[in-house]
Amino acid sequence: MRSGIRILITLMLLVAGCGRPAILPMEKAPARGQKLIVFAPVVRGFPERDQATVSGALTGSILTHLGSAGQSYQVGWGSLEADFGDFSARLFQASFDAYSTKTRKLKDIEIPERDTTLFRELDAIGGRLAVAFKALHLPVWTPTHLLVTGVERFAPDFLSSRHFRVFAFVVDRENHTLAFGIRIDLETSDNLYRQVESLLRAGKTIANPLAPWFPSQLPPVVKVRVPYTPEPGPKTAVEAPGTPESPEE
């Protein structure tokens, strides 16, 4: 009986610990007014039929909670995909390696099939995105920070619960460094709907710490001041000109 209670308490503690993010705080503040380019997550451990749902849930939640401070990589990506291919997956792996070894500096990765390296891609993609924005008649700007994420789901346990892990990394494109990192451990039932709910909450958890560094780009509220005008007093009767005065009694 006592052993059963101990096991139950242990399970409760494990569940209570799930969802607490492990955060590598921002190294420094990005440039004022800078938006964050948000890439789709690397998804592992989910059936192929569910991967689009999982990806859309996490990315959509992050973009929603970032507001106008975040922009999807899909804006203008069509003209870059042929040259950069699986860029986000390579960048996520390099960021994961840096986060795991508790270092900020990313490691350059050779890409033989493209005769380039990860650092060269980071240097080139900023200007290429700016050109893509111009072609779409959008405000032209060169992104300095990129957000890459990953979701990995593990096999169900003996209680048919699903444990999965979410990572998110902000990369300083110009300095080739990991500016921010977060790991979120989640556990829910073996039900895709419940897992998507958890991912929606994880997206908010990722976006909230970034708000001070990537402020909303909404225009300032216009303050209209109307000068005070006193109300006119009651009107008095005015005699018409030429009216004779009333005779005195």
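For the structure itself, consult the block above.
Everything quoted here is computed from the prediction, not taken from an experiment. (Residues numbered from 1 in each chain as written. Predicted model: local features only at pLDDT ≥ 70, side-chain atom pairs only at ≥ 80, totals over all residues. Heavy atoms only, no water.)

**Some remarks on the overall build of the protein**
A count of helices and strands for the protein gives 6 helices and 9 strands. When the 249 residues of the protein are sorted by exposure, 38% land in the buried category. Restricting the contact set of the protein to residue pairs at least 6 apart, pairs at least 24 apart contribute 69%. Taken as a whole, the protein presents about 15,500 Å² of accessible surface, with 56% of it coming from carbon and sulfur. (Helix = DSSP H or I, 4+ residues; strand = E, 2+ residues; numbered from the N terminus. Buried < 20%, exposed > 50% of the residue type's maximum accessible area, 1.4 Å probe, protein only. Contact = heavy atoms within 4.5 Å. Areas by Shrake-Rupley, 256 points an atom, 1.4 Å probe, with all protein chains shown as cover.)

**Considerations on the pattern of salt bridges**
Applying the stated criterion to the full structure yields 8 salt bridges. The closest approach of N and O atoms between aspartate 185 and arginine 165, which form a salt bridge, is 2.5 Å. With aspartate 185 in strand β9 (residues 177-189) and arginine 165 in strand β8 (residues 161-172), the pair connects residues that are 20 residues apart, well separated along the chain. Assessed through its relative accessible area of 12%, aspartate 185 is described here as buried. Overall, arginine 165 belongs to the partly exposed group, its relative accessible area being 26%. For the salt bridge of glutamate 174 with arginine 173, the shortest nitrogen-to-oxygen distance reads 3.9 Å. What makes arginine 173 buried here is its relative accessible area of 5%. Where salt bridges share partners, they join Arg165, Arg183 and Asp185 into one cluster. (Salt bridge = Lys/Arg side-chain N within 4 Å of Asp/Glu carboxyl O.)

**Things to note about the packing of aromatic side chains**
Scanning all chains against the criterion turns up 14 aromatic pairs. Between the aromatic rings of phenylalanine 92 and phenylalanine 169, the centroid separation amounts to 5.6 Å while the plane-to-plane angle is 45 degrees, which identifies the pairing as tilted. Placement of the pair is phenylalanine 92 in helix α4 (residues 87-100) and phenylalanine 169 in strand β8, with a sequence separation of 77 residues. Neither residue differs from the other here; phenylalanine 92 and phenylalanine 169 are each classed as buried. For the pair tyrosine 99 and phenylalanine 167, a centre-to-centre distance of 6.1 Å together with 75 degrees between the ring planes defines the contact as edge-to-face. (Phe/Tyr/Trp six-rings, centres within 6.5 Å; stacked < 30°, edge-to-face > 60°.)

**A closer look at the packing of α4 against helix α5 (residues 118-135)**
At a minimum axis distance of 11 Å, the contact between α4 and α5 shows a crossing angle of 120 degrees. Comparing their axes, α5 and α4 come out oblique. As for the relative orientation of α4 and α5, their crossing is left-handed in sense. Within the contact between the two elements, α4 uses Phe87, Arg90, Leu91 and Ala94 and α5 uses Leu118, Glu121, Leu122 and Ile125. Here the residues of the contact of α4 with α5 sort into 6 nonpolar, no polar and 2 charged. (Axes fitted to C-alpha atoms, helices over the stretch in contact; angles between N-to-C directions. Parallel < 35°, antiparallel > 145°, perpendicular 65-115°, else oblique. Left-handed = near helix turned anticlockwise from the far one by under 90°. Nonpolar A, V, L, I, M, F, W, Y, C, P; charged D, E, K, R; others polar.)

**Some thoughts on the pairing of β8**
Burial analysis of β8 places 10 of its 12 residues in the buried class, which makes it a mostly covered element. As paired strands, strand β7 (residues 145-153) and β8 are joined by 9 bridges and run antiparallel to one another. Bridge pairing in β8 links valine 151 to valine 166. Linking β8 back to β9 in an antiparallel pair, the connection comprises 4 residues, with histidine 176 at a positive phi of about 60 degrees. (Pairing = 2+ DSSP bridges.)

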